[in-house]
Amino acid sequence: VYTCSVSKPVLRPVGLCPKWARRRRFYVPEFHRPAQASMGILRSEPMKRATMVLPAERARTFVETLARSSNVQYEDMNGDSLKRPYRKFIQRVDELDRVIRVLFEEMGKVPIAEDPENRPMVDLVVKDQVEGFLSYDSSVYSLDEVEKEVGEVYRRLTTFQHNNQSLQERKMECIEQKWVMCLATLQYEGGGHFKRRSSEGAASESDRLVADDGLSFAAVAGTIMQSEQERFARTLFRATRGNTYTHFQPIGESLFDPKTGDPVQKSVFVIYFQGGATSNMREKVARICQAYSARTCEWPASYEAAAAGKADMEMQVAEKAQALQAYDRFLTDQFTALAEVPRPGGNSRIEEWRLFTLKERAIYAVLNMFEGESTLRADCWYPETEEGSIRSTLLQCSQATGVSGMLIVDPRPINMAAAPTYNKPNGLIDAFQSLVDTYGVARYQEVNPALFTIITFPFIFGIMFGDIGHGLCLFLFGCWCMVNADGLKHHPMMKPFYSLRYMLALMGFFAIYAGLMYSEMVGIGVALFDSSYSEPTLEEGQTTWTMKWSGKPYPFGLDPAWHGANNELLFVNSLKMKLAVLFGVSQMMLGLSMRFVNACYARNWVDLIFECVPMTVFMVCFFGYMDYMIMYKWVTPMDNPPSIINTMISMGLGTPNKAPLYEGQAGIEKLLMTLTMLTVPMILIPKPLILWFQHKNTEQGYEEVAVDDEEIGGLMGGGDLGVGHGKHVEAFDMGEVAIHQAIETIEYVLGTVSHTASYLRTWALSLAHQQLALVFLNKFLLPAMAVQGVMSGVAVYFGFAVWACTTAGILLGMDVLECFLHTLRLHWVEFQSKFYKADGHKFTPFSLRNVLEQTQD
């Protein structure tokens, strides 16, 4: 089969030509479009839609080969009909998986031989070697062979288990009979009042005893649960009206239930009553014993018979114990063989069986999505950059199997709403991408917030958590996770830190950076450079003074002279609050700029002109102007600087500003406020009207796209493929559009105000972190260091231990989580709401590696 272009007939082989294609002279037209370059992580990868056509007899081989090297997402063609042609194969695989799970459970019950820790055999199983398994599994394992091997192991195990249970039951029975014989020997040795009748009577009279006064009695002996002992005795007494005598003796040996393995406690009982073997009394006693699940046995005729029975039972118990030991050796040998690694770099045999079942189930689940009988067809999505690799794989499989597999590319334009979003995985961005995807998956080719989150997330976290010492601890932990990434990847408890390793290192780095800006280390002010302030000459008795500024700025961060000053908290609060507003408005402006990028990329000029532009004007004229005044006050010396809050209130209400910041401020503020107010109707009114006019000028119904060959449409499913063809234009509702736009306008205007205020949480959390660190230092470490004398070393030791534990548990544990959650909220709500629609659907290719890695324990 060859593909040809509509404009230029370029022939390109994609596989061997099947007979039906040769008969019909079938060619696949491919409409060439300018290839889109890979977008990296700014946007999702360009996708293509096609129809995969595979021969039914070799479809499994094609699907498995593609799943090893390519990213292809298949669509369910049988979703409406619910036809599942490979249902029987999945049932076989499910049964195989059930048997393997049983084997794992049994391995967990058998301890490792001569292991001091008494670990189970399942700990010997080598796992997590997915790459090694995928490198040779297709040439080593097949469903029939694995079924045969697993079935043989399972049959041997179940047979031996059944025999073992019978041996256990017989052993418990022998132990109980041994203790009955022990009770009989004790009673005969003790010179009891009963002795066996020695006459040669009938068999039914052989169990009768003769008392000293000549009366004859019978005895029934056995074992019963100790928990039922009292109820059993009361039932006997009431049912026989006191005409029986029952004696109990606890069994002084550990017993267990052979079926459940649970330990049980039993007692030996012997019941004496008047009558023979066929008397009504004996029948009544036997029925009561049966009702209480008591195990009965023959009472010995004499001391010699009891001693002989005891010896015989002890010998049988020893024989059963030897047989049970042989069973344990069999289990150990069998499970040791299952835990062996058949080849270097692989998993244990039983683990490879488990991985094989997971792989087979996934392959047949995909094959169930195909339609057709002799030729299977399914629509699929794949990255445009991997088209050559997919075709090459199909060609290799076609040559190896002797039958043809084809990829028929859909020439019609891709429907942006139907295309999946695919962002290539990357070790650095994966953790940040997961945070973004938790909020919502990006639309196809929409700007990916994860690109900016790589820097903005740890930066804002650092602003909240800023401390050199605490940030250094977090940074070193992140570096340790990066160095030990291979070990963390397969560790059940530490695996989450494998994905977060780069994020933790960046969070620690920016916490150190913010700590340098604040000049703080574990709550203590540090002087990295010479202070710009100097102390004046103090008079005698003077306790307070004002520092003199040299006129030169401090090189970097906060001047350490502020630490310990009476007005430190007032100044630092003002500084951090203004920094929070500056960083918050900057990040929201970044979000609005990405809204411009999305509108330009989608060529949506209505959104660009009547949403992006007025939203930016609103943000710049009001909150951007507020940031300008903050920075203007910082760089302009003033004797009595005015309040920015009062200035913003006067600007919003239109009242005269009694304390202007600069000349001509009133006119500029009036202009800015006018532009700010005009942006509201610009966002609210034009867009619904333009959409209404566009609707009037556009024909409703279906918009046809020409397809040159009808057979192509048949192979592609012949229906709505989620692309340009057959796209129905929904009815236009002006009222609904107007209400939606009104909600968008109100949400943006009010949300911008609340979002700016929301960034003040960075100031609050930074202040809380600094004050909490200072409290721990003053309450635990400094008092210990102030202790004098011989106990000073002990006091410092315990004081440092308490301070370190509280710092690690609260500041490096709870406070890290708190700052993380607040930073996450700022990105999800304040930042991403400015441009991120998050209503796409994720690209989920069928990859054997992903299937096996996601199911690792």
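Undergrad: Explain the nonpolar core residue by residue, including any values.
TA: Judged by nonpolar contacts, the single largest core of 62 residues is most densely connected at M52, Y74, F370 and F846. The greatest single-element share of this core, amounting to 10 residues, is contributed by helix α10 (residues 349-367). Ignoring any residue separated from it by four or fewer positions in sequence, one finds F846 in contact with V63, A67, S70, V72, Y74, A362, I363, V366 and V851. Within the second largest apolar cluster, 57 residues are counted, among which are M503, F618, M619 and I683.

Undergrad: Any chance you could break down the environment of E818 for me, citing the residues and the numbers?
TA: Looking at the secondary structure, you find E818 in helix α26 (residues 792-831). For the pair E818 and F461, spaced 357 residues apart in sequence, the C-alpha separation works out to 9.8 Å.

Undergrad: Give a detailed account of unusual backbone geometry, specifying residues and quantitative values.
TA: Peptide bonds are mostly trans, and most non-glycine residues show a negative phi. Positioned with a positive phi, D128 is a non-glycine residue whose angle comes to about 70°. Turning to its location among the elements, D128 is positioned in the loop between α3 (87-107) and α4 (130-134). Phi angles above zero are rare outside glycine, and V522 is one such case at about 45°. Tracing the backbone shows V522 in the loop between β16 (520-521) and β17 (524-525). Judged by its relative accessible area of 19%, V522 is buried.

Undergrad: Provide a residue-level description of the sheet that holds strand β5 (residues 73-74), including the pertinent values.
TA: Read across the open sheet, the four strands follow the order β5-β14-β4-β15; overall the sheet is antiparallel. With partners counted over all chains shown, the strands left at the sheet margins are β5 and β15 (406-409), one partner each.

Undergrad: Mind laying out the packing of helix α2 (residues 59-69) against α10, listing which residues take part and the relevant values?
TA: Any two packed helices are characterised by the angle at which their axes cross and by the distance between the axes. Close contact between α2 and α10 brings their axes to 10 Å; oriented N to C, the two are set at 115°. Considered as vectors, α2 and α10 are oriented roughly perpendicular to each other. Remark: the crossing between α2 and α10 carries right-handed chirality. On α10, the residues that touch A59, R60, V63, E64 and R68 of α2 are K359, E360, I363, Y364, V366 and L367. Its residues assigned to classes, the contact of α2 with α10 shows six nonpolar, no polar and five charged.

Undergrad: Can you explain a nonpolar patch on the surface? Please cite residues and give values.
TA: Together, V787, V790, M791, V794, Y797 and F798 line one region of the surface with nonpolar side chains, adding up to about 640 Å² of accessible area. Following the sequence through the fold, V790 ends up in the loop between α25 (761-785) and α26.

Undergrad: Any details on the pattern of salt bridges? Residues and values, ideally.
TA: The tally for this structure, following the rule as stated, stands at 33 salt bridges. The residue E520 makes a salt bridge to K576 at a minimum N-O spacing of 4.0 Å. With E520 in strand β16 and K576 in helix α18 (residues 568-602), the pair connects residues that are 56 residues apart, well separated along the chain. The class of E520 is buried, set by a relative accessible area of 2%. For K576, a relative accessible area of 4% gives the class buried.

Undergrad: I'd love a proper account of the packing of helix α22 (residues 686-696) against helix α24 (residues 734-758), names of residues and values included.
TA: At their nearest, the axes of α22 and α24 sit 9 Å apart, and the two run at 155° to each other. In terms of their interaxial angle, α22 and α24 are classed as roughly antiparallel. The handedness of the crossing between α22 and α24 is right-handed. Side by side, α22 and α24 meet where K687, P688, L689, L691 and W692 of the first sit next to M734, V737, A738 and Q741 of the second. Grouping the constituent residues of the contact of α22 with α24 by class yields seven nonpolar, one polar and one charged.

Undergrad: Please provide a residue-by-residue account of empty space enclosed by the protein, values included.
TA: Tallied over the full model, the rule gives one cavity of 30 Å³ or more. If you trace the largest cavity, you find it lined by I460, I463, A580, F583, Y759 and T762. The set of elements that each furnish at least two residues to the lining of the largest cavity consists of α13 (450-465) and α18. Here the lining of the largest cavity is built from residues that sort into five nonpolar, one polar and no charged.

Undergrad: Which residues make up the side chain of Q316, and what values go with them?
TA: Mapped onto the elements of the fold, Q316 is located in helix α9 (residues 303-339). Apart from the residues lying within four places of it in its own chain, the contact partners of Q316 are R170 and C174.

What counts, and where the lines are drawn
Each chain has its residues counted from 1, following the order in which its sequence is written. Where local features are concerned, this predicted model is filtered to residues with pLDDT of at least 70; where side-chain atom pairs are given and counted, the filter is 80 or more; whole-chain, interface and lining totals use all residues. Note that the side-chain values use all heavy atoms of the structure and ignore hydrogens as well as water. Among the buried residues, those of types Ala, Val, Leu, Ile, Met, Phe, Trp, Tyr and Cys that are joined through side-chain atoms within 4.5 Å form a nonpolar core. Using a 1.4 Å probe on the protein chains alone, a residue whose accessible area is under 20% of its type maximum counts as buried, one over 50% counts as exposed, and one in between counts as partly exposed. Helix and strand assignments come from DSSP, with helices taken as H or I runs of at least 4 residues and strands as E runs of at least 2, each series counted from the N terminus. Should any heavy atoms of two residues lie within 4.5 Å, those residues are counted as being in contact. Two strands are counted as paired when DSSP detects at least two bridges linking them. As a rule, the C-alpha atoms of each element are fitted with a line to give its axis, helices using only the stretch in contact, and angles between N-to-C directions run from 0 to 180 degrees. Here the angle decides the label: under 35 degrees means roughly parallel, over 145 means roughly antiparallel, 65 to 115 means roughly perpendicular, and every other value means oblique. By the definition used in this description, the sense in which the near helix is turned from the far one sets the handedness, with an anticlockwise turn below a right angle giving left-handed and a clockwise turn giving right-handed. Any residue that is not Ala, Val, Leu, Ile, Met, Phe, Trp, Tyr, Cys, Pro, Asp, Glu, Lys or Arg is counted as polar, Gly included; the first ten are nonpolar and the last four charged. A residue counts toward a patch only above 30% relative accessible area and without a salt bridge, and it is joined to like-charged neighbours within 9 Å or, for Val, Leu, Ile, Met, Phe, Trp and Tyr, to nonpolar neighbours within 5 Å. In this description, accessible areas are obtained by the Shrake-Rupley approach with a 1.4 Å probe, and a residue is regarded as covered only by the protein chains that are shown. By definition here, a salt bridge exists when the distance from a side-chain nitrogen of Lys or Arg to a carboxyl oxygen of Asp or Glu is within 4 Å. A 1.4 Å probe that fits but cannot get out identifies a cavity on a 1 Å grid over protein atoms alone, an open set with protein on both sides within 12 Å along at least five of seven lines counts as a pocket, and a residue lines either if it has an atom within 4 Å of a point. Grid points are joined across faces, edges and corners, and a volume is the space filled by probe spheres set on the points.

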